[in-house]
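These are the residues of each chain, in order.
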Amino acid sequence: MQRPGGGADWIALTGDQLPVDEATRWAATPGAGAVVTFCGIVRAHAEGRDGVVGLSYEEVALARLVEVAAETRRRWPLVERLACLHRVGDLVLSETSVVVVVSTPHRAEAFEAARFAIDTLKETVPIWKREHWAGGSDWATGAHPLRPVRMLERH
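Think of each chain on its own: its residues are numbered from 1, step by step along the sequence as written. Reporting in this predicted model follows two pLDDT cut-offs: at least 70 for local features of residues, and 80 or more for side-chain atom pairs to be given and counted; totals over whole chains, interfaces and linings ignore these cut-offs and use all residues. Excluding hydrogens and water, the side-chain figures rest on all heavy atoms present in the structure.

## Comments concerning the nonpolar core
Within the largest apolar cluster, 29 residues are counted, with the highest numbers of intra-cluster contacts made by V79, L82, V100, V102, L121 and V125. Elements that contribute at least two residues to this core include exactly β2 (34-41), β5 (52-59), α2 (62-75), β6 (81-87), β8 (96-104) and α3 (107-124). Here the element with the most residues in this core is α3; it accounts for seven residues. Once residues within four sequence positions are removed from consideration, V102 is found in contact with A34, V35, V36, V79, R81, L82, A110, A113 and A114. In these notes, a set of buried Ala, Val, Leu, Ile, Met, Phe, Trp, Tyr and Cys residues joined through side-chain atoms within 4.5 Å is what counts as a nonpolar core. To sort residues, take the accessible area from a 1.4 Å probe on protein chains only and compare it with the maximum for the residue type: under 20% means buried, over 50% means exposed, and anything in between is partly exposed. Membership of the second largest hydrophobic core comes to eleven residues, among which are L18, A23, L85 and V99. Counting from the N terminus, the helices are DSSP H or I runs at least four residues long and the strands are E runs at least two residues long. Residue contacts are counted whenever heavy atoms from the two residues lie within 4.5 Å of one another.

## What about helix α1 (residues 20-27)?
An α-helical turn contains 3.6 residues, so any two residues separated by three or four positions project in the same direction. Those residues of α1 that fall on the buried side of the exposure criterion are V20, A23, W26 and A27. The arc that holds every buried residue of α1, seen down its axis, measures 130°, which confines them to one face. Those residues of α1 that are exposed and angled more than 90 degrees off the buried face are D21 and R25. In this structure, the buried side of α1 is in contact with β1 (9-14), β2, β6 and β8. Note that the arc is defined by the directions from the helix axis to the C-beta atoms.

## Section: α2
Look at α2: 21 Å from first C-alpha to last across 14 residues, which is about the 20 Å you get at 1.5 Å a residue. By the burial criterion, the buried members of α2 are L65, V68, A69, E71, T72 and R75. One side of α2 carries all its buried residues, which in axial view fall inside an arc of 165°. For α2, the secondary structure elements touched by its buried residues are β1, β6 and α3. In a helix, the anticipated span is given by 1.5 Å times the number of residues less one.

In structure tokens:
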């Protein structure tokens, strides 16, 4: 996985295990009084399906992740560092599928920006999830049409 250079954003789609601890350490800066880390984890159930044993993610949109980061920064200009990392490929139970890390001077803004970033990522980035269970495999239920990042309501 490509690590961030000298910039303040770390955006990646990867087949590698997500570096949660490294991303959290990277987000800590001398000006940041808060770092919020959100991890989405593969679980054993989904809407209408029990016994999920794994997931496959298919990606098509690194550019959309960049848009999510830019919109997060537009709404919370005090964000020090922002990481949006998403796995692609096959994952097993308990693996991390997505990580959003936000650092800001104060905790309220860190929580707000992190929530906006993960919610917006889920609503706007075309990464499709296929669930696997003992009885078969199919695309995740509960899918919704993707919207452009800037069309989301202001938080």
